[in-house]
Amino acid sequence: MYKGGYAGKILRIDLSKQSAKEETLPEELAKNYLGGAGFGIKYLYDEVKPDTPALDKANKLIFAVGPLTATGASCSSRMAVVARSPLTGAVGMALAGGQFPAEMKRAGYDMIIIEGKAEKPAYVAINDGEVKFRSAEKLSGMMTTDTQLFIKEELGDHNYRIACIGPAGEKVVPMACIVNERRAAGRKGLGAVMGSKNLKAIAVRGHKRPDIADAESFRKARQAMNKAMKDSPVLYPHFAKAGTPMVVDAMTEMGIYSIKNWSATGQINMVPGLGLKAQDEMIITRSHCHDCPVGCSQVKLVTSGPYAGYLSEGPEFETTYSLGSTVGVDYLPAVIAADRLCDEYGIDTISAGVAIGWAMELYEKGILTKKDTDGIDLKFGNHAAVIEMLRKIAYQEGLGALLGQGTKKAAEKIGKGTGDYAMQIKGLELPAYDVRGAKAHGLNYATSYTGADHNRGYAFQEIFDIPIPEKVDRNATKGKGRLTKWNQDTRAVTCDCATMCAFLLDMAVPAIACQNTADLVNAASGMNFTAEDIEKIGERLNNVARLFNIGAGFSRKDDTFPRRLMTEPIKAGASKGQLISQKDLDEMLDEYYAERGWDKNGTPTAAKLKELGIK
Ligand code: SF4
């Protein structure tokens, strides 16, 4: 039985009945799924039928933290938010850092399960186990920053931490996100699920600290992790100063920074406008997630020009792509403004930007005209058009209402072969890495249970040249099945279930990730995991998520790429000539499924499920 680490309780909230009840956190759940995404996806699998419409009140919205949250372990800052995704129809899982996750644990809970639908707009305030349902009618249409301020004022305590939706979530835009402070559980439209439940926000406040079962062992495990962080040649020397924007320069050099809806990768140098130096000049301060000594986040302020006064915690690397390079914009002040507006409306920067980039390509090809865009000149590089399209997506106006459905559904509506240019997999828009020149990244995008999601199995080996578990050639296809399984399983457990920041795995502790997670969790909880047990939890999670998706109708046919990536080689730069042909993809999938113990169609075999103890 766990003796520490966990709060030991699940809070189940029924919005239809305005009721809340506590359940004991089952020991078996902790043992088999550890926390965070493991908890959320296991409950989704057990309690939500996979064909449940994502915006139906029978869908559940689950917030879950891990056994290290609020223990003082470095970078134990994240929470997982889980529901069936309205954007993809698959498992929707997004992580967010900030301060909300630790406060949720201190309020007494490892997991909060939201069920049903409030009759009128509402928010829930949770204070040390006391749950209050409050009207959110006054907050209707309010941006996310004002929403958080308003609720703190109304509750009379500015120490509440709040996860909320903006206007896009209220309007159930399928790419809406959930924002706490300026951190977002951004992808897969979980803000729309929250909006469909008439839930504007959850506010948490707590004063408890999780017990630590063995303080001395915990201190030693923390020290080992902090040493690995200190010894990393990347984490403090580069990443702590530059944050994720450092990757803009690196990806440009490697020729895999995606540009103009992936039509011009390697052809245009965006570094002068969006790269490290340009970003550095705009920083006014830095910020840290809870218990993070790194503090990679940068707050940037625009001080002159048409966007003067816009301030954003970002843009992160991915946002410089989605609201910058893929829409052909290399004017950083505009990207900062667009990033801030996405946070305020509560929309995912990646899906929104990629959808706009796709519409820009269709406009330049003459498939969309000014009649379709309400007169907007939607050509690549027009940053004012990007800003206006974001507003239209958030408020479901004109073309924005279509783009907000995601590029997959929008292409199905428009037809005319536009799906060939829709940069999505399983309905989720692609992140920045042009996978034609980074094949393990590609295989991860194709097979991730959430759709095209760099976070589910990020191939840091291809990006930072770290030879763990082995050295890789980013352009090779052979061996990428084995590597992708390792990346997905390791990341699933050490980041998504343990709810630790993913950058640690990528840059500091890959060699000791599973052992160090076992040491930390054992010391905090008094449980007895080996490194192998920990890796198995990651594998179990990827299998349960796959089963949910199979129930929702997904199979091998969905583990694929947009046609562009399989037929158009990268035209210029260091990755010139690279693509992933259908043959390459088939070979990588065969290897990946075999490594996973899945059949040729990507279905887990009975033997694999038995081995993992999944019923
Ligand atoms: S490294 Fe960055 S993202 Fe990770 S916990 Fe620290 S501040 Fe947050």
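For the structure, see preceding data.
Before going into details, it helps to say that this report is about the structure given with it. (Residues numbered from 1 in each chain as written. Predicted model: local features only at pLDDT ≥ 70, side-chain atom pairs only at ≥ 80, totals over all residues. Heavy atoms only, no water.)

1. Examining the pairing of strand β4 (residues 79-84)
Spelled out, the test is: Buried, partly exposed and exposed residues are distinguished by accessible area as a fraction of the type maximum, computed with a 1.4 Å probe on protein chains only: under 20%, between the cut-offs, and over 50%, respectively. Numbering of helices and strands starts at the N terminus; helices are DSSP runs of H or I of at least 4 residues and strands are runs of E of at least 2. Note on pairing: DSSP must find at least two bridges between two strands before they are called paired.
Counting buried positions along β4 yields six of six residues, so the element is predominantly enclosed. Burial of β4 is two-sided: the residues Met79, Val81 and Ala83 facing one way and the residues Ala80, Val82 and Arg84 facing the other way are all buried. Where strand β3 (residues 61-64) and β4 come together, three bridges link them in antiparallel fashion. Bridge assignment links Phe63 to a residue of β4, and that residue is Val81. Of the strand pairs in this sheet, β4 and strand β5 (residues 91-96) are connected by six bridges, and their pairing is antiparallel. Note on β5: the bridge partner recorded for Val82 is Met93. Hairpin connection between β4 and β5: a loop of six residues separates the two successive antiparallel strands, and Gly89 in this loop has a positive phi of roughly 80 degrees.

2. Some words on the sheet that holds strand β11 (residues 183-185)
Cut-off, in case you're wondering: The axes used here are C-alpha line fits, helices contributing only the stretch in contact, and every angle between their N-to-C directions lies in the interval 0 to 180 degrees.
Read from one edge of the open sheet, six strands run β8-β7-β12-β9-β10-β11, paired in mixed fashion. The open sheet is flanked by β8 (130-135) and β11, the only strands paired with a single partner. On average, each strand axis in the sheet is inclined to that of its neighbour by 20 degrees, with strand direction left out of account. Judged from the three bridges that link them, strand β10 (residues 178-180) and β11 form a sheet pairing that is antiparallel. When the sheet's bridge partners are listed, Ile178 is paired in β11 with Ala185.

3. Overview of the sheet that holds strand β6 (residues 111-115)
Taking strand neighbours across the sheet as the criterion, the six strands line up as β2-β1-β6-β3-β4-β5 in an open arrangement whose pairing is mixed. Here the strands that pair on one side only, and so sit at the sheet edges, are β2 (19-24) and β5. On average, each strand axis in the sheet is tilted by 15 degrees relative to the strand beside it, whichever way the strands run.

4. A short note on the packing of helix α18 (residues 439-447) against helix α20 (residues 480-497)
Describing two packed helices takes the angle between their axes plus the distance from one axis to the other. For clarity, the threshold we go by: Put simply, a crossing is left-handed when the front helix is turned counterclockwise from the back one by less than a right angle, and right-handed when it is turned clockwise. Contact between two residues is taken to exist if any of their heavy atoms lie within 4.5 Å; hydrogens are not considered.
Interhelical geometry of α18 versus α20 gives an angle of 65 degrees and a closest axis separation of 9 Å. In this structure, the crossing between α18 and α20 has a hand that is right-handed. Residues Lys439, Ala440, Leu443, Asn444 and Thr447 of α18 lie in contact with α20, whose contacting residues are Lys480, Gly481, Leu483, Thr484 and Gln488.

5. Examining the site of the ligand
To be explicit about the condition: Residues are counted as near a molecule or strand when any one of their heavy atoms sits within 4 Å of it. Side-chain classes are defined by residue name, with Ala, Val, Leu, Ile, Met, Phe, Trp, Tyr, Cys and Pro counting as nonpolar, Asp, Glu, Lys and Arg as charged, and the others, Gly among them, as polar.
For the ligand, the full set of nearby residues is Ser77, Arg78, Arg183, Cys289, Cys292, Val294, Gly295, Cys296, Cys501 and Phe503. Taken together, the residues of the shell around the ligand break down into six nonpolar, two polar and two charged.

6. Observations regarding the state of the cysteines
Cut-off, in case you're wondering: Disulfides are defined as cysteine sulfur pairs within 2.5 Å.
Counting across every chain of the model gives zero disulfides. Free cysteine: Cys75, not disulfide-bonded; nearest cysteine sulfur from Cys292 at 3.7 Å. Its relative accessible area of 2% is what places Cys75 among the buried residues. Cys495 provides the cysteine sulfur closest to Cys497, a residue in no disulfide bond, and the two sulfurs are 9.6 Å apart. Assessed through its relative accessible area of 0%, Cys497 is described here as buried.

7. Examining the environment of Ala572
As for its placement among the helices and strands, Ala572 is situated in the loop between α24 (563-567) and α25 (582-596). With 218 residues separating them in the primary sequence, Ala572 and Val354 have C-alpha atoms 21 Å apart. Once residues lying within four places of it in the same chain are set aside, the contact partners of Ala572 are Thr265, Gly266 and Gln267.

8. A closer look at the pairing of strand β9 (residues 161-164)
As paired strands, β9 and strand β12 (residues 199-205) are joined by four bridges and run antiparallel to one another. Among the inter-strand pairings, Cys164 is bridged to a residue of β12, identified as Ala201. Examined bridge by bridge, β9 and β10 share two bridges and lie antiparallel to one another. Across the sheet, residue Ala163 finds its bridge partner in β10, namely Asn180.

9. Points about the layout of surface pockets
Operational definition: For cavity detection a 1 Å grid was placed over the protein atoms alone, and a set of points counts as a cavity when a 1.4 Å probe fits there but cannot get out; an open set counts as a pocket when protein lies on both sides within 12 Å along at least five of seven lines, with lining residues being those that have an atom within 4 Å of a point. Grid points are joined across faces, edges and corners, and a volume is the space filled by probe spheres set on the points.
Size it by volume and the largest pocket reaches roughly 310 Å³. Around the largest pocket, the lining is made up of 15 residues, and of these Gln148, Lys152, Arg161, Glu181 and Arg182 lie nearest the centre. If you tally residues by element for the lining of the largest pocket, the top one is helix α4 (residues 144-155), at four residues. Partitioning the lining of the largest pocket into residue classes produces two nonpolar, six polar and seven charged.

10. Focus: the packing of helix α22 (residues 513-525) against helix α23 (residues 531-551)
Keep this limit in mind: Each angle gets one of four labels, with under 35 degrees taken as roughly parallel, over 145 as roughly antiparallel, 65 to 115 as roughly perpendicular, and the rest as oblique.
Packing of α22 against α23 brings their axes to within 8 Å, and their N-to-C directions diverge by 105 degrees. Taken together, the axis directions place α22 and α23 in an arrangement best described as roughly perpendicular. Note on element contacts: α23 touches α22 through Ala531, Ile534 and Glu535, opposite Cys514, Gln515, Thr517 and Ala518. Here the contact of α22 with α23 is composed, by residue class, of four nonpolar, two polar and one charged.

11. Digging into the pattern of salt bridges
Under the convention used in this document: For this analysis, a salt bridge means a side-chain nitrogen from Lys or Arg found within 4 Å of a carboxyl oxygen belonging to Asp or Glu.
Applying the stated criterion across every chain, the model contains 53 salt bridges. Across the salt bridge formed by Lys536 and Glu539, the nearest N and O atoms sit 3.2 Å from each other. Of this pair, Lys536 and Glu539 are both found in helix α23, three residues apart, which corresponds to roughly one turn of the helix. For Lys536, a relative accessible area of 30% translates into the label partly exposed. Residue Glu539 is classed as buried on the basis of its relative accessible area, which comes to 3%. Put simply, Lys600 and Asp590 hold a salt bridge, and the shortest N to O gap is 3.7 Å. Here Lys600, found in the loop between α25 and α26 (606-612), pairs with Asp590, found in helix α25; they are 10 residues apart in sequence, far enough to count as distant. For Lys600, a relative accessible area of 60% corresponds to the exposed category. Of the residues examined, Asp590 reaches a relative accessible area of 29% and is grouped as partly exposed.

12. Describing helix α2 (residues 36-47)
Worth spelling out the cut-off: Given the number of residues in a helix, its expected span is that number minus one, multiplied by 1.5 Å.
Taking 1.5 Å per residue, 12 residues should reach 16 Å; α2 reaches 17 Å between its end C-alpha atoms and fits that length. For α2, the tally of buried residues reaches nine of 12 residues, placing the bulk of the element in the interior.

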